[in-house]
Structures are given as structure tokens and as C-alpha cells.
Amino acid sequence: MIEIEHLTRRYGDRTVVRDVSLTVGRGQIAALVGTSGSGKTTLLRMINRLVQPTAGRVLIDGTDTATVPAHLLRRRIGYAIQGHGLFPHRTVAQNIATVPRLLGWDAARIRARVDELLDLFQLPPVEFRDRLPHQLSGGQQQRVGVSRALAARPDLLLMDEPFGALDPVIRASAQADLRRIQRELGTTLVIVTHDIDEAMALGDRIGVMDQGLLLQYAPPRAILTDPATPFVARLIGTDQRPFHLLSLSRVADLATPGTADGPPVAPDASLRDALALCLWSGRGALPVQGGGVVTLEALRRAARPGGAGADP
Amino acid sequence: MAAAAPARARVTLSRPGVLFAAIGLAGLALPLVQFRANRIVAGEGASLPGALGGWGWIAAAALAAALLVGVPARTPARLRLALALGGVLVTVAALGASAGALTPPGDRIARVSPSAGFWLLGLAFALAVADALARIGLAFRQRWALLAGAVAVVALVLGSGLLDDVSVMREYQARRDVFAREAGRHLLLAFGSLGAALAVGLPLGIAIHQVPRLRAGVLGGLNIVQTIPSLALFGIMIPLFGWVAATVPGAAAAGVAGIGAFPALVALFLYSLLPVVSNMVVGLSAVPHGARDAAVGLGMTRAQVLAQVMIPLTLPVVLAAVRIVLVQNIGLAVIAGLIGGGGFGSFVFQGLNQTAMDLVLLGTLPTIALALVSGIALDLLVAQLDGRRGRGT
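Residues numbered from 1 in each chain as written. Chains lettered and ligands numbered in written order. Predicted model: local features only at pLDDT ≥ 70, side-chain atom pairs only at ≥ 80, totals over all residues. Heavy atoms only, no water.

**Q** I'd love a proper account of the interface of chain A and chain B, names of residues and values included.
**A** Taken residue by residue, the interface counts 22 residues in chain A and 21 residues in chain B. Between chain A and chain B, roughly 1,800 Å² of surface is buried when both sides are summed, and carbon and sulfur atoms account for 64% of that area. On the chain A side of the contact with chain B, Phe-87, His-89 and His-134 of chain A bury the most area, a combined 28% of that side's loss. Linking chain A with chain B are one salt bridge, by the criterion used here. Inspection of the chain A/chain B interface yields six residue pairs in polar contact (both at pLDDT 80 or more). Going through the elements one at a time, helix H2 (70-75), strand S6 (77-81) and helix H4 (98-102) of chain A are the ones with two or more residues in the side of chain A that touches chain B. (Contact = heavy atoms within 4.5 Å. Buried area = accessible area lost by both parts, 1.4 Å probe. Salt bridge = Lys/Arg side-chain N within 4 Å of Asp/Glu carboxyl O. Polar contact = N/O pair within 3.5 Å; in protein donor to acceptor, adjacent residues only side chain to side chain. Helix = DSSP H or I, 4+ residues; strand = E, 2+ residues; numbered from the N terminus.)

Shown next as C-alpha cells:
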């Protein structure tokens, strides 16, 4: 668990982060979203003390981070950044082994861990272990960057626009992978993004920042249905609200007993996918794999604030 | 149109080929060697046929043919390379044979020295070799092999006695033991000053990068040193270190002196500092920001960031500096001969004083060879490192 208490950062008389407090529960994902210059990256970098707070403190599992030497603190916190930041002169395996080596793991353990991570990220070790970063595609570099951040099994992972340099198709699958791996490992994750869709897709909670202030810190549904300020509402964009709302719930949550014609929809598909399928095939109801139906009527209700999916 | 096309195809010329042929043919027309009854008197030129008779005509015809084959653009690069290498060897062999033929048997005073014809032929074929190599684009391993092969062939030719009657080799035979010593001294001056410059310059570059306030002052100061003409800097050293040696206790015993190797080393060291320091600074600031940020963010200490990320990534740029400095110092070390520092320069200045050009050449040719080999070897190293790290991909 990480607790941020009244964190402030000033550069001269410019305040970049202003009295921000928030808590991220163990195994949760917090997505910090905002325009550039909103202070979200500075907030993130104060967690592993790449930026020293002017005031306030950060507690990780109850320990004040200021009481630990910065480099030792950082070895326990995963860190992945935009454009991957891989070391160009080191192989994939050496890059991933960075933190384990700093921690003094023995060679056999490091090797096993590297292979395990490469498997986890679907990069066959035999093929990728000894490659240099420039011999990888952008998506592969990014996966190696995240593997490196996870190498020493940190309880906390910080990511700064990790998918910013990827094209949309690869980005979507990278987000899905991250979500899967984060659930598998139970890592607490703080991710900075300027992309509200990414924040919606990943965040258990979303923190919206503007001009150094944390405007709202709440689950995605609350951000959508109950924006704290006009800025938050504007950032989400009114035209996308129903679709964001639908994407937060799964078909299984809305299924009712009954039967319908046509090809079925998977129970863990999002309501947004179900709506798209209804509209595209011109059907008023879809059968759900394993029984039940989801109706267009129910989808329509779920797309409104306070609708059926409000309390899954 | 239809009639003109084949005509145009027939006259397609390789521009470099034309240039090399022009230089080489001019060389054939000029005297290959110069014969002098002794070291000092004015000599008379002798062309290839003039020196070697019938064999000379054959050699001249072969060289001319090799030059002319390179003129059409469609001559393949590998054939160009073979002909050019053959041309170099024939030219050198012709020099040795002419010297042997022109020198009266048993005469140790007569001198046969290379003349304009030899230099032009050598230049033409050397350029043709370089041009052909650039066209072929050899792999690194082949380029290393070629460099080693070239050095071995030169050693073989010199050791075979083929050139023993040529004036420069005559001078060498008279100074065999001194030559080895001065060669060692020359290497010491060039590599010693490089080593010292690296030992001081690399940490200095790191310091400047860490403390940017130092940058303007240090680089400015080194820039000023770089603008002092070498002769002047060597001159400044004489009174300066002479005074230090005379007044500071123990300095003279430690080797400090106004003349000799010490001031020469110091001067070369000073000239080396700017390229080393500035390349180190450039290399450090060119390290990708992401790599640096990640290194700190993953928990490396300052020293670890430097040792494991920053410095390895500056290696190609530092090697480029080493190349600049080494080639520069091998050349500049010649001036050390003027202040008693030894090295090949001592032959050059002795030769100048005695107006004995052969002695000057005895100092110059090994200097050029040394600089060439070092330059090519380091170029290869830099290119290999860059290739491995995927720069420019």
C-alpha cells in the first residue's frame, strides 16, 4: 500500500505539485491523468525520489520513503518510462538483469528470472536473450522495458507513459498484457498517462491532475458519472461518456435468463463490445456463451449514469 | 538517337580512373629515380627504361596497361584492386631494381633516390587501391586482414633486401642501431602523451559534465593551448622547464628538463587534452536521456550510473578522440627532434641541416606509415563499435 500525504513540489516560486494526498491499495492500479505540465510526472517521480518533495511525505507499507537511502528505495520499486529507456550497449538479458545484479543475486537465479520474465512477455528466451535493444521492434523494446522494471519482483511499479511511443494496435495489446501480468503478480501500480482511454482501461482508480492540483481521485465510474470539476468533465469528453461507461462492465454482469438467435458473445466481453455487436448485426438481444442473453434494452440502460452496471 | 546510343555506351569513363591514369602516366614520363655520385651533389634523373633497359620497357608498359584498364567505368572493382596492388608492388620493385642497376658495384657513396616519377606512380596506385576498397565495401574481418597483410608485405619487402640500394635504405643501414632507439622514442612520445592525456582528460571530461559551470573555463583554456603553434609551444617549454629543473629541488632528478623528451611529452600531452576532454563531454551528453533516467530510477548509485551506463556509451566517441590524438601526436612528435626529444624527428632535422633529403625521408616515411596504420586501425575499431550498437539504423 502506498500513502501520499500532502506532497508538494516547488521550483523557485512555481508550484508544480500542490498538496496532493492519495492512497493506492495493495494490488491496485492508480492512473494519473492530465495535460502536459499538470504535475503528474513530477508526482510520480516523487514516489521513488527521482524528485525530492518540497513538503509532504510518501509512505510505502507504512515506511516513510525519506528514511531509506534513495538508491536502495528505488531498487525495490519498478520503474518503466516512455521510449523504454533500455541500455543500448547491453543485451536484453543484461537489461532485464539490471536490478537483480544491483541486489547481488547469483547468476543462476538471475538467469532463471530473466527467462521467466521473457516467457511471461511472450518473448522466447532462446531467441531474444542475447539481442541488443536496437534489434527489437518498438513493442518488443517496451515489453523488455517493463520486464526490467519487474525483474526483482517489486511490490510497487511506477510507469511514466510506458505506451506513449507505441502505435494504437500494439498499445491496446500491451495494455491488456500489463493488466493480465499485474493481476497475476499482484503488483501495486501507479501509471502516468495523458490518454483518458488508457486511464479508463487500466485504472482501478483515476487521479485527474491540473496545474499541480489533484482535482479528483476516484474509480472510473465515479469520474464518468460524477466529475468533480468542469475540467474533469472536459477531459473525459462528453461524447464518449456512454461508451466509457459500457466498457467498464462485462457482459456477465448484465446477462439475464433467456434465449436469443445468432452467434453468441463471450461473458467476459465488455458491454461496449456487446453494444457494437448488437448495432452491427441489427439484433435486439445476444445469446451469452454458457447461457442467458444480453438485450439492447439492458445495454441502453447501462449506458446511462446510475444504470444497471452501476454497482457490479 | 539510335546511332548515338552505342557510341555513348562505349565512352563511359570512370572519372577517378581517368585521374589515376593521368597521374600515373605523368609519373612514367618523369624520371623514376635520381642518381647522385654522392649524398650532397646535384643528381640526374633516370626513367624506368633508362635505368633498366629492356626490362624497364616491359615494366613501364605493364604499369601503363594497369592504369589504362581502370579508365573504363565498367572495369570491376576487384580487378581494379588487384591491378592497383600489383602496380604498387611493381613500382616498388622497379625502384629497388633501378637502384641496384645504377649503383656501381661496391660503391657505398653513390646515392640512388626515388624521384618524381616514383612518387607519382605510388600516389596513383595508392589512390586506386583506396578507391577500389571503397567500391568493394569489405567486411570488417577482411579489412583487418588486409591491413595486417599490407604491414606484413611491407616488412617482407624491407627485409628481403630488394630496396637495399635505395638511398633511404642506405641511410638506414648507416644508422641501424640509432634507428631502433629513435623509433622506440617516437612511439613513447606518441603513446605516452596519449596515455597521459586519457588519464587526465577522461576524468576531467566527466567532471565538466557533472559540474557544467567548469565547462566554459576548461574548454576555453584548452582551446587556447590548441591555437599555440607547435614550434612556439616547444620553445616555451625550454625556459620554463629549464627554470623548474634549476630551482625546484628534485625536479631535475625526476627527469624535468628544458630540452629532451620531457618537454616534448608535456607539449604533446597539452595538445591531446582538448580532443580527449571535449569528446568525453560530447559523448556523455549524447547518452540517451531515457537510458540515464532509467539507470537512476532502477536504483543505480551515481558511480554505478557513470561506470555501467554513461562511460560504456561514450566509448565510440572516446575512441574517435584517441584516433585524432594518436595520428596528431605521431606527426607532432617529429618536432620533438628539434629540442632534443628524439624520435624520427631527429633524422628529419639532421637531414635538413645537412641538406640530405634521404635522411629527411628516413624520418618522414616511418612517421607517415605509423600514422596511417594507427589511423586505419582505430577507424576500423570505431566503425565496428558503431555497427554493433546499431547507430544510424
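Still more ground to cover, so stick around.
**Q** A description of the sheet that holds strand S1 (residues 2-11) of chain A should follow, citing residues and the corresponding values.
**A** Residue and element names in this part refer to chain A. Read from one edge of the open sheet, four strands run S2-S1-S4-S5, paired in antiparallel fashion. The sheet is open, and its two borders are formed by strand S2 (14-24) and strand S5 (63-64), each paired with just one other strand. Relative to strand S4 (residues 55-60), S1 runs antiparallel, the two sharing five bridges. Bridge assignment links Ile-4 to a residue of S4, and that residue is Val-58. Most of the contacts of helix H1 (residues 40-47) go to S1, to which it runs at about 120°, and overall it touches S1, S2 and S4. (Pairing = 2+ DSSP bridges. Axes fitted to C-alpha atoms, helices over the stretch in contact; angles between N-to-C directions.)

**Q** How would you summarise empty space enclosed by the protein if you had to cite specific residues and measurements?
**A** Using the criterion set out here, one finds six cavities of 30 Å³ or more in the structure. Space inside the largest cavity adds up to approximately 140 Å³. Of all the secondary structure elements, the ones that give two or more residues to the lining of the largest cavity are helix H2 (15-29), helix H4 (54-69), helix H5 (77-102) and helix H6 (116-136) of chain B. Its residues assigned to classes, the lining of the largest cavity comprises nine nonpolar, two polar and two charged. Empty space within the second largest cavity amounts to approximately 50 Å³. As for the second largest cavity, its lining consists of Leu-150, Leu-157, Leu-178, Ile-181, Gln-182, Leu-185, Thr-187 and Leu-189 of chain A. In terms of residues, the lining of the second largest cavity owes the most to one element, helix H8 (residues 168-185) of chain A, which gives four residues. In terms of residue class, the lining of the second largest cavity is built from six nonpolar, two polar and no charged. (1 Å grid on protein atoms, 1.4 Å probe; cavity = no way out; pocket = protein on both sides within 12 Å on 5 of 7 lines; lining within 4 Å. Points joined across faces, edges and corners; volume = space filled by probe spheres on them. Nonpolar A, V, L, I, M, F, W, Y, C, P; charged D, E, K, R; others polar.)

**Q** How would you summarise the packing of aromatic side chains if you had to cite specific residues and measurements?
**A** Tallied over the full model, the rule gives five aromatic pairs over all chains. Here Phe-118 of chain B and Trp-119 of chain B contribute two aromatic rings whose centre-to-centre distance is 5.1 Å and whose plane-to-plane angle is 70°, an arrangement assigned as edge-to-face. Centre to centre, the rings of Phe-241 of chain B and Phe-262 of chain B are 5.0 Å apart; their planes meet at 85°, and the pair counts as edge-to-face. Taken together, the positions of Phe-241 of chain B in helix H11 (residues 230-247) and Phe-262 of chain B in helix H12 (residues 261-285) put the pair 21 residues apart, joining distant regions of the chain. On the basis of relative accessible area, Phe-241 of chain B is assigned to the buried category, the value being 13%. Across the ring face of Tyr-11 of chain A, the terminal group of Arg-9 of chain A is positioned such that the distance to the ring centre comes to 4.3 Å. (Phe/Tyr/Trp six-rings, centres within 6.5 Å; stacked < 30°, edge-to-face > 60°. Buried < 20%, exposed > 50% of the residue type's maximum accessible area, 1.4 Å probe, protein only. Lys NZ or Arg CZ within 6 Å of the ring centre and 35° of its normal.)

**Q** Could you give an account of the pairing of S2 of chain A, with specific residues and numbers?
**A** Residue and element names in this part refer to chain A. Where S1 lies against S2, seven bridges are found, and the strand directions are antiparallel. Bridge pairing in S2 links Arg-10 to Thr-15. Two successive antiparallel strands, S1 and S2, enclose a turn made up of two residues, where Gly-12 displays a positive phi of approximately 60°.

**Q** Which residues make up the environment of Val-20 of chain A, and what values go with them?
**A** Residues and elements named next belong to chain A. Structurally, the position occupied by Val-20 is in strand S2. Overall, Val-20 belongs to the buried group, its relative accessible area being 1%. Counting along the chain gives 271 residues from Val-20 to Gly-291, while the straight-line C-alpha distance between them is 47 Å. Aside from chain neighbours lying at most four places away, what touches Val-20 is Ile-4, Glu-5, His-6, Leu-7, Leu-43, Met-209, Gly-212 and Leu-214.

**Q** Can you break down the side chain of His-89 of chain A residue by residue, with the values?
**A** Mapped onto the elements, His-89 of chain A comes out in the loop between S6 and helix H3 (92-96). Take His-89 of chain A: its relative accessible area is 16%, and that puts it in the buried class. A polar contact is formed between the side chain of His-89 of chain A and the backbone oxygen of Gln-308 of chain B, at a distance of 2.8 Å.

**Q** Break down the nonpolar core for me, citing the residues and quoting the values.
**A** Core analysis: the largest hydrophobic core is formed by 115 residues, its most contacted members being Leu-43 and Val-190 of chain A. Among the elements that take part in this core, helix H14 (residues 302-332) of chain B stands out by supplying 11 residues, more than any other. Excluding residues within four positions of it along the chain, Leu-43 of chain A makes contact with Ile-4, Leu-7, Val-17, Val-20, Leu-22, Leu-32 and Met-209 of chain A. (Core = buried A, V, L, I, M, F, W, Y, C linked by side-chain atoms within 4.5 Å.)

**Q** Tell me about the pattern of salt bridges, and name the residues and values.
**A** Residues and elements named next belong to chain A. A complete count under the given rule lists 20 salt bridges over all chains for this structure. Across the pair Asp-204 and Arg-183 runs a salt bridge, and its minimum N-O distance is 3.5 Å. Remark: Arg-183 occurs in helix H8 and Asp-204 occurs in the loop between helix H9 (196-202) and strand S9 (205-210); sequence separation between them is 21 residues. Between Arg-300 and Glu-297 there is a salt bridge, with the nearest N and O atoms lying 3.4 Å from each other. Taken as a pair, Arg-300 and Glu-297 lie in helix H15 (residues 296-302) at a separation of three residues, close to a single helical turn. By relative accessible area, which is 43% here, Glu-297 ends up partly exposed.

**Q** Any chance you could break down the environment of Leu-275 of chain A for me, citing the residues and the numbers?
**A** Residues and elements named next belong to chain A. Relative to the helices and strands, Leu-275 resides in helix H14 (residues 271-281). Given the relative accessible area of 15%, Leu-275 is considered buried. For the pair Leu-275 and Ala-303, spaced 28 residues apart in sequence, the C-alpha separation works out to 9.8 Å. Apart from the residues lying within four places of it in its own chain, the contact partners of Leu-275 are Phe-243, Leu-246, Leu-296 and Leu-299.

**Q** Requested: an account of the layout of surface pockets, with residues and values cited.
**A** Space left empty within the atom packing is revealed by a probe, the size of a water molecule, rolled over the atoms. The computed volume of the largest pocket comes to approximately 2,400 Å³. Lining the largest pocket are 50 residues, with Val-88, Ala-150, Val-154, Ala-369 and Leu-372 of chain B positioned closest to its centre. Of all the secondary-structure elements, those providing two or more residues to the lining of the largest pocket are H5, H6, helix H7 (140-160), helix H8 (167-174), helix H9 (176-210) and helix H16 (357-388) of chain B. Inspection of the lining of the largest pocket shows a minimum of three residues originating in each of domain 1 (2-166) and domain 2 (176-392) of chain B. Empty space within the second largest pocket amounts to approximately 640 Å³. Around the second largest pocket sit 24 residues that line it, and Met-200, Ala-201, Leu-202, Ser-247 and Leu-248 of chain A are the ones nearest its centre. Contributing elements (two or more residues each) for the lining of the second largest pocket: H8, H9, helix H10 (220-225) and helix H12 (241-247) of chain A. For the lining of the second largest pocket, the class distribution of residues is 10 nonpolar, six polar and eight charged. (Domains from an automatic or database assignment.)

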